[in-house]
Amino acid sequence: MLRGEFIYLDAERQTLLATWATKTAYMIDRLTEPTVPRGFPMELLIRRQPSTSTLVFLSAYDGSAAAFASFRPLPANTANEALPSESNAYVATFTAHKLVFQVIGHFTRGTMAINDERLGLHDGLVQIWPVLHPEVAWPPKLILPDAGIEALANSVTG
């Protein structure tokens, strides 16, 4: 995958990659003023898989940048509540050679509503957490260039 070669990911590999991506998102968060509450990384360590409040997407990259990482705190709507004044969610987007990960999570009770403005990018995304399919193919149909990475990183809002 690091070289961009085709592979099928079974449910176990999807979970493994999603767990690593979530851990990496938490590490990126810790580089500045942390957004994610401390209990979430601890839960990841104990459960060895992302929480039910996390979505993880995998994409492919064919650009020239050596590395890309973005972590954005988000205020997210929760069921029957107005948009909060403080961040209660996040989106992390980062590359690892030819792979692109996008981790979206919230730390609210119940469910979260996000604005998904990834128009034109859906053919380049494979959801790996929660696992939806017993097997997924990678890379996806759409391979992102440099501008696609920036667009993806900014495409999810509260």
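What comes next is a walk through the structure. Quantities reported herein were computed from a predicted structural model and do not represent experimental measurements.

### Remarks on the pattern of salt bridges
One pass over the full model with this rule turns up 4 salt bridges. With a shortest N-O distance of 3.3 Å, Lys98 and Asp62 are connected by a salt bridge. Here Lys98, found in the loop between strand S5 (89–96) and strand S6 (99–106), pairs with Asp62, found in the loop between strand S2 (54–60) and strand S3 (69–74); they are 36 residues apart in sequence, far enough to count as distant. For Asp62, a relative accessible area of 54% gives the class exposed.

### Points about the sheet that holds S3
Spatial ordering of the open sheet is given by S3-S5-S6-S2-S9, a layout of 5 strands whose pairing is antiparallel. The open sheet has two free edges, formed respectively by S3 and strand S9 (126–129), since each of these has just one partner strand. Averaged over all neighbouring strand pairs, the angle between strand axes comes to 20 degrees, with direction disregarded. By the bridge criterion, 3 bridges tie S2 to S9 in an arrangement that is antiparallel. If you follow Val56 over to S9, its bridge partner there is Trp129. Helix H1 (residues 11–29) contacts S2, S3, S5, S6 and S9 of the sheet and is inclined by roughly 110 degrees relative to S5.

### Describing the nonpolar core
Residues Leu58, Tyr90, Phe101 and Val103 are the most contacted members of the largest nonpolar core, which totals 27 residues. Of all the secondary-structure elements, those providing two or more residues to this core are H1, helix H2 (39–47), S2, S5, S6, S9 and strand S10 (135–138). Top element by residues in this core is H1. It accounts for 6 residues. Look past the residues within four positions of Val103 in its chain and what remains in contact with it is Ala21, Thr22, Ala25, Thr54, Leu55, Val56, Tyr90, Val91, Ala92 and Phe94. Judged by nonpolar contacts, the second largest core, of 17 residues, contains Phe57, Leu125, Leu144 and Ala153.

So, how was this worked out
- Residues numbered from 1 in each chain as written.
- Predicted model: local features only at pLDDT ≥ 70, side-chain atom pairs only at ≥ 80, totals over all residues.
- Heavy atoms only, no water.
- Salt bridge = Lys/Arg side-chain N within 4 Å of Asp/Glu carboxyl O.
- Helix = DSSP H or I, 4+ residues; strand = E, 2+ residues; numbered from the N terminus.
- Buried < 20%, exposed > 50% of the residue type's maximum accessible area, 1.4 Å probe, protein only.
- Pairing = 2+ DSSP bridges.
- Axes fitted to C-alpha atoms, helices over the stretch in contact; angles between N-to-C directions.
- Contact = heavy atoms within 4.5 Å.
- Core = buried A, V, L, I, M, F, W, Y, C linked by side-chain atoms within 4.5 Å.

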